[in-house]
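# Fold and contact review
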Amino acid sequence: MDEKVLTQHFGLEGLYRIEVYRKKGGYKSAEKALKQMTPAAVLDEVKRASLRGRGGAGFPAGVKWGFVPQNVPKPRYLCVNADEGEPGTFKDRYLINHNPHLLLEGTIIASYAVGIHTAFIYVRGEYEAVALRLEGAVAEAYEKGYLGKNILGSGFDLDATVHRGAGGYICGEETALLESLEGKRGYPRLKPPFPASVGLFQCPTVINNVETLSNIPFIIQNGAEWFIKKGLPKDGGTRIFGVSGMVNKPGIYELPLGTNLRTIIFDHAGGMKDGKKLKAVIPGGMSAPILRADEIDLPMDFDSLASAGSMLGSAAVIVIDSETSILDVLKTVAKFYSHESCGQCTPCRIGTAWISKIVERLARGKGERDDIDAIIRLASNIKGKTLCPLGDAAALPILSICQKFRQELEGDLPRA
Amino acid sequence: MSPEYSASLRRKIDEVAARYPKKRAALLPVLHLVQREVGWIAPDEERFVAQVLGLKPIKVREVVTFYTMFLRRPLGKYHLQVCSNLTCSLLGAGPLLNYLQQKLGVGVGETTADGRFTLSTVECLGACEQAPCLMVNFDYHGELDRDKVDRILESLE
Amino acid sequence: MPKIFIDDRGFEVAEGLTVLQAAESVGLQIPHFCYHPAFAPEGSCRMCLVEIEGLPKLELACSALVKEGLKVRTMSPKVVEARKGVLEFLLADHPLDCPICDKAGECKLQDYFEEYGLFRSQFKEAKEKREKKFKLSQNLILDRERCVLCNRCVRFLNVITKTEEAGILNRGTRAEVGIFESELVNNIYSGNLVDICPVGAITNSDFRFQTRVWFLEPSESICPLCSRGCNIYIDSHPGFPRTARARRVYRIRARQNPMVNFHWICDYGRYGYAYLDKGREDRLVWKKGDRETRLSWDKASQILTEKLRSLLELRKHSRIGVVLHTNLTNEELFLADRIFRKGMGVDRLFLADPPPGKGDEFLLTADRTANRRGLQEVGLPVQAPDRRGLSGLDLLLIFGHYLDSETGPADLKDTLDKIETKVLFATHKSSLDSLVDFVIPVPVLAEKSGTLTNVDGRVQTLAAGLAFESDGVPEWRALLDLAKELKVEPEYPWPMTSPASIYRALQEEIAFFK
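Residues numbered from 1 in each chain as written. Chains lettered and ligands numbered in written order. Predicted model: local features only at pLDDT ≥ 70, side-chain atom pairs only at ≥ 80, totals over all residues. Heavy atoms only, no water.

### Describing the overall build of chain A
Looking only at helices and strands, chain A has 17 helices and 9 strands in total. A compact globule built from 416 residues should have a C-alpha radius of gyration of about 22 Å, and chain A, at 22 Å, falls within 12% of that. Each of the 416 residues in chain A was classed as buried or not, and the buried ones make up 64%. Within chain A, counting contacts between residues at least 6 apart in sequence, those at least 24 apart form 70% of the total. When the accessible area of chain A is evaluated, it comes to approximately 14100 Å², of which 52% is carbon and sulfur surface. Of the side chains in chain A, 51 bear a positive and 47 a negative charge, and the two mean positions are spaced by 2 Å. (Helix = DSSP H or I, 4+ residues; strand = E, 2+ residues; numbered from the N terminus. Rg over C-alpha atoms; globule rule 2.2 N^0.38 Å. Buried < 20%, exposed > 50% of the residue type's maximum accessible area, 1.4 Å probe, protein only. Contact = heavy atoms within 4.5 Å. Areas by Shrake-Rupley, 256 points an atom, 1.4 Å probe, with all protein chains shown as cover. Lys, Arg positive; Asp, Glu negative; His and termini not counted. Charge placed at Lys NZ, Arg CZ, Asp CG, Glu CD.)

See the structure below:
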């Protein structure tokens, strides 16, 4: 049960080179899919594996692939979301740096399943080293016939291009990613229509996270049932948890879905650094509502975290110690979303800036008792009312911090 | 007089643009290429890119001003980008930033008089396990303390 | 026709509409900023959020499609709270400019605040300072503090004019409408940006600070400056008679017509309204040598009738000439044909028009007259007013001030001097004033009733919105009066006393107008 899947060969030197990857069984799943399975069979296997998206939203990958219409006379596209901008998240960086061919193999199988012949890998602009490594792997794949025309003699063609972003958290949102890929500002689109029918260049498009696609070769090799056993019945596979903050051993930890959060922090990540005490944990990247120290005994899976009023998100665990001022945390959170708001819709553009200004004023010592209520009211006016999920990503954490740490925030604030 | 752009840049631009079904989609990659060659994106570069991709210059500027990595003014030789996001803040990014300001004698957004260093803050770099982090141009540096920062600065000519 | 329910009231609406469009079609307004019928839904202002039964979150009325049985709530507590939320956000970032803002009185932000807001501001922070007088085009000023980033202006330039001069720069709360360097918005439809801006962010520099909109009275009219016949509003100050003050008309706005000009007019029509007030003929005068006598139309028509009668009795109808123009109404052109050609046997009918310009593929036609098609359908046989055509005349009636050495003979003065009596019916002063014996002011099209036929053959009705404040009468009145006295009035079973009655006759006689 503790066998690593995605990170199993991470210690191996040169794993990013195709000869080393192939020696470890790499590209065998692609070969199996392309030569022994129909696209429909591949799609079915992935659906049954209950692989949920690993980017943050957790939408079942197989279901998403199934939404793409096959009878529309337009090219179909696959976009790999390597924008990894959710604060606290660094797992995709590890995956690509260590094992870029795994991602490519997953890309090939996914494209085959959906009838896609052009894939773009959108890498955030700051990840230059990652992009270079990926470009190297792509070149090797072309050279050895795993990309390009008639892959492995199967008759299936696939072109892949690495595309760099240029600094914009919002481009991790799938429709903003499409806009950015089309050479425009990263403005999320109205949904419906959904990218599966109207996506890149108005054509049917699948967008998947790096970790999601990296799981595909293992699903094809070992089957859906095997994948489910690695996780939970409706939530197959392992997750790569990224732990950072005030812990002794920050880093990535590939563990089964459902692993207890306390276990992750105190066993795997070595517990609190410098003997400090735990105050709070953000369990799924900054957009996940905060948990108090007394709330961390829960299984890390989509449903359990949702029931606890938070979310699994990108499985990025940020550990906050009791010497850290919650006001500073709130300030960093508010400033981030204001800075990253694309500016398209009213509540997010103006609301995140307004909240940020209030928090900055609080941090300068000019706060008043009703400011916390004001922040809560404004965040509630953003929640559920914006064009894209960034609104909620801003509102929900801010609301959770204000509600769970109200006393500390109100502290010595004078009455208005 | 419009500036000359090297033949190799133009060739790279053509190669990149060929990978996209619509020329406009090559805008971000092309801007990266131009910025790497010229250093920053001035109105001349915006016009050049617009002309190459068949766009109106304002559409290029819309993109240049949206994304944080496109520079609209020249920076120092080394762009010191300190992460100011949550994990890095928890692990001392604030004091480290103050130290850099003090040591270099510049504020955030400013360049040292000798043109070597520009100091900026950036959002999460995706290297939180090494917090606090600093990106120098495209190179990541993590697990920083004052000593390590000193050594990094010394190594940059 | 799906049946939907809006606030518990059932309506049958057309297929394929959005909730917002369906509501509008039954007379219900759902507040919005970024939606505009000319563009695809934008969904960014978030003002049109409504409750749809069965859906957990509020939905956008501008993009949700109607379907059978849909139940919408537009005034539930959740919706009201959301609307107030959007207003509060917009107002927090908005300057307190109402006292000096041209848009006051026709501003959506004001209107919605009055209807859905009315709360005290809880914004304690410093407001963002932004550029307030950014030159967007030769005529347009952008106030970035007032801008609500509805993106209508950018979309107009992308989608309608396809000139793409503007864009949104920067990100988040720093986002602003901008142009590239000093490359101003420069197309002949730029004035429409003022019409579509929901607030006072984009204003006309020529209207800036001139008046308050609640002092203006809109009159519906047709733009006469080309053959498109764009529908317009002429906004004038009703208390200011033209003859008492220099200015009566303050601006022209587009009037929606999905069959002619959609929501738009060109800048020639929008900004070219000075002619309505400036340089007008005001006094009806009869010049004899050095003396100028002011007359009433009754007196003048008596004199003219006599002159015409004397020529007609001597069968000298070939010595009567009439110069017409293409800015006359269908009724006037019809009367000119039936009275001069048919009634009096005049065959020397000339045409002098304003010169053509450059047309485009959108609204502006190269032909800069208002009724070319009308002229063609009435079938008036006209010739160029050259030297030969104008020689051997004893009486010349000139309609319009367009006869000059370009449209007519190069030696216009000499040619006219050879004609004994010259009568000018004109709207504006011109060099012709000193070359004629009678100057009779006539109204401009905005001051007349009648119809015009546009380039596509569409007949459009003019209703006199502005008052005609000079001496003189409309041409149709003048023609009927002269014809009655000379007993060459066209006879119909109904009295010919108004443009409407003349149009009935047009319909009787010419198939096109039926």
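### Focus on the confidence of the model for chain B
Mean pLDDT over chain B stands at 96; residues scoring 70 or higher make up 99%. Complex prediction metrics read pTM 0.95 and ipTM 0.97. (pLDDT = per-residue confidence, 0-100.)

### Topic: the packing of helix α8 (residues 297-313) of chain C against helix α13 (residues 475-485) of chain C
Residue and element names in this part refer to chain C. Put simply, α8 and α13 touch, their axes get as near as 10 Å, and they point 50° apart. Between α8 and α13, the angle is such that the two are oblique. The interaxial crossing formed by α8 with α13 has right-handed handedness. Along the contact surface, α8 presents Trp297, Ser301, Leu304, Thr305, Leu308 and Arg309, while α13 presents Ala478, Asp481, Leu482 and Glu485. Partitioned by chemical class, the residues of the contact of α8 with α13 number 5 nonpolar, 2 polar and 3 charged. (Axes fitted to C-alpha atoms, helices over the stretch in contact; angles between N-to-C directions. Parallel < 35°, antiparallel > 145°, perpendicular 65-115°, else oblique. Left-handed = near helix turned anticlockwise from the far one by under 90°. Nonpolar A, V, L, I, M, F, W, Y, C, P; charged D, E, K, R; others polar.)

### What to know about the pairing of strand β20 (residues 438-441) of chain C
Residues and elements named next belong to chain C. Neither face of β20 is open: one carries Phe438 and Ile440, the other Val439 and Pro441, and all of them are buried. Direction of pairing for strand β14 (residues 285-288) relative to β20: antiparallel, over a ladder of 2 bridges. Residue pairing for β20: tryptophan 286 is matched across the bridge by phenylalanine 438. (Pairing = 2+ DSSP bridges.)

### A word on the sheet that holds strand β4 (residues 205-209) of chain A
The strands that make up a sheet pair up through hydrogen bonds in the backbone, lying either parallel or antiparallel. Ordered in space as β3-β2-β1-β4 (chain A), the 4 strands form an open sheet in which the pairing is parallel. The open sheet terminates on both sides in strands that have one partner only, identified here as β3 (159-164) and β4 of chain A. When the angles between neighbouring strand axes are averaged without regard to direction, this sheet yields 20°. As judged from the 6 bridges shared by strand β2 (residues 118-123) of chain A and β3 of chain A, these two strands associate in the parallel manner. Looking at the pairing, threonine 118 of chain A lines up with aspartate 159 of chain A of β3 of chain A. Here helix α2 (residues 27-38) of chain B sits on the sheet in contact with β2 and β3 of chain A, set at roughly 55° to β3 of chain A.

### Topic: the packing of aromatic side chains
Under the counting rule described, the total for this entry stands at 35 aromatic pairs over all chains. Plain terms: the ring middles of phenylalanine 336 of chain A and tyrosine 337 of chain A are 5.0 Å apart, the flat faces sit at 70° to each other, and that makes the pair edge-to-face. Like phenylalanine 336 of chain A, the residue tyrosine 337 of chain A is buried in the burial classification. Members of the aromatic cluster, connected to one another through ring pairs, are Tyr77, Phe120 and Phe201 of chain A together with Tyr20 of chain B. Against the face of phenylalanine 134 of chain C rests arginine 144 of chain C, its NZ or CZ located 4.2 Å from the ring centre. If you follow arginine 368 of chain C out to its NZ or CZ, it ends over the ring of tyrosine 268 of chain C, 5.2 Å from the centre. (Phe/Tyr/Trp six-rings, centres within 6.5 Å; stacked < 30°, edge-to-face > 60°. Lys NZ or Arg CZ within 6 Å of the ring centre and 35° of its normal.)

### Section: unusual backbone geometry
Across the junction of lysine 191 of chain A and proline 192 of chain A, the peptide omega takes the value 0°, indicating a cis bond. In this structure, proline 192 of chain A sits in the loop between α8 (174-181) and β4. That bond from proline 192 of chain A to proline 193 of chain A is cis: its omega, 5°, falls within 30 degrees of zero. Note on placement: proline 193 of chain A falls in the loop between α8 and β4. Positioned with a positive phi, leucine 152 of chain A is a non-glycine residue whose angle comes to about 55°. Along the polypeptide, leucine 152 of chain A turns up in the loop between α7 (128-143) and β3. Its identity is not glycine, yet asparagine 170 of chain C carries a phi of approximately 65°, on the positive side. With respect to the helices and strands, asparagine 170 of chain C occurs in the loop between β8 (166-169) and β9 (176-179).

### Observations concerning the interface of chain B and chain A
Counting from both sides, the interface comprises 37 residues of chain B and, opposite them, 55 residues of chain A. Buried area between chain B and chain A, summed over both chains or domains, comes out near 3600 Å², and the portion from carbon and sulfur atoms is 60%. Considering only the surface of chain B that becomes buried against chain A, Phe66, Leu86 and Glu129 of chain B emerge as the three largest contributors, covering 19% of it. In this structure, the connection of chain B to chain A is made through 2 salt bridges. Here arginine 36 of chain B makes a salt bridge to glutamate 128 of chain A, at a shortest N to O gap of 3.0 Å. In this assembly, chain B and chain A are joined by 21 residue pairs in polar contact (both at pLDDT 80 or more). Those elements that place two or more of their residues in the side of chain B that touches chain A are α2, α4 (57-66) and α5 (86-90) of chain B. Top contributing element to the side of chain B that touches chain A by residue count: α2 of chain B, with 5 residues. A class-by-class count of the residues in the side of chain B that touches chain A yields 21 nonpolar, 9 polar and 7 charged. (Buried area = accessible area lost by both parts, 1.4 Å probe. Salt bridge = Lys/Arg side-chain N within 4 Å of Asp/Glu carboxyl O. Polar contact = N/O pair within 3.5 Å; in protein donor to acceptor, adjacent residues only side chain to side chain.)

### Considerations on the side chain of glutamate 140 of chain A
Residues and elements named next belong to chain A. By secondary structure assignment, the location of glutamate 140 is in helix α7. Salt bridges are absent for the buried glutamate 140, whose nearest opposite-charge side chain, arginine 17, sits at 5.5 Å. Engagement of the side chain of glutamate 140 in a polar contact is seen with the backbone nitrogen of isoleucine 18, the distance being 3.0 Å.

### A word on the domain arrangement of chain B
Annotation of chain B at the domain level lists domain 1 (7-64) and domain 2 (78-155). Centre-to-centre, using C-alpha coordinates, domain 1 of chain B lies 30 Å away from domain 2 of chain B. (Domains from an automatic or database assignment.)

### Quick word on the pattern of salt bridges
All names here are of chain A. All told, the structure shown has 82 salt bridges over all chains when counted by the stated rule. Between glutamate 19 and arginine 17 there is a salt bridge; the shortest N-O distance is 3.4 Å. Measuring nitrogen to oxygen at the nearest pair gives 2.9 Å for the salt bridge that ties arginine 361 to aspartate 371. Separated by 10 residues along the polypeptide, arginine 361 in helix α14 (residues 346-363) and aspartate 371 in helix α15 (residues 371-382) bring together distant segments of the chain. Both residues of the pair, arginine 361 and aspartate 371, count as buried.

### Structural notes on the domain arrangement of chain A
Residues and elements named next belong to chain A. Here chain A is partitioned into domain 1 (18-229), domain 2 (240-321) and domain 3 (326-409). If you average the C-alpha positions of domain 2 and of domain 3, the two centres end up 23 Å apart. Contacts between domain 2 and domain 3 engage 11 residues on the former and 14 residues on the latter. Around 1000 Å² of area is buried between domain 2 and domain 3 when both sides are counted, 70% of it from carbon and sulfur atoms. When the buried area of domain 2 at its contact with domain 3 is split by residue, Lys279, Met286 and Ile290 rank highest and sum to 53% of it. Between the two partners, domain 2 and domain 3, sit 2 salt bridges. The partner of glutamate 408 in a salt bridge is lysine 279, with the nearest N and O atoms 2.9 Å apart. For the pair domain 2 and domain 3, the number of links is 5 residue pairs in polar contact (both at pLDDT 80 or more). Contributing elements (two or more residues each) for the side of domain 2 that touches domain 3: β7 (278-282) and β8 (291-292). A class-by-class count of the residues in the side of domain 2 that touches domain 3 yields 7 nonpolar, 1 polar and 3 charged.

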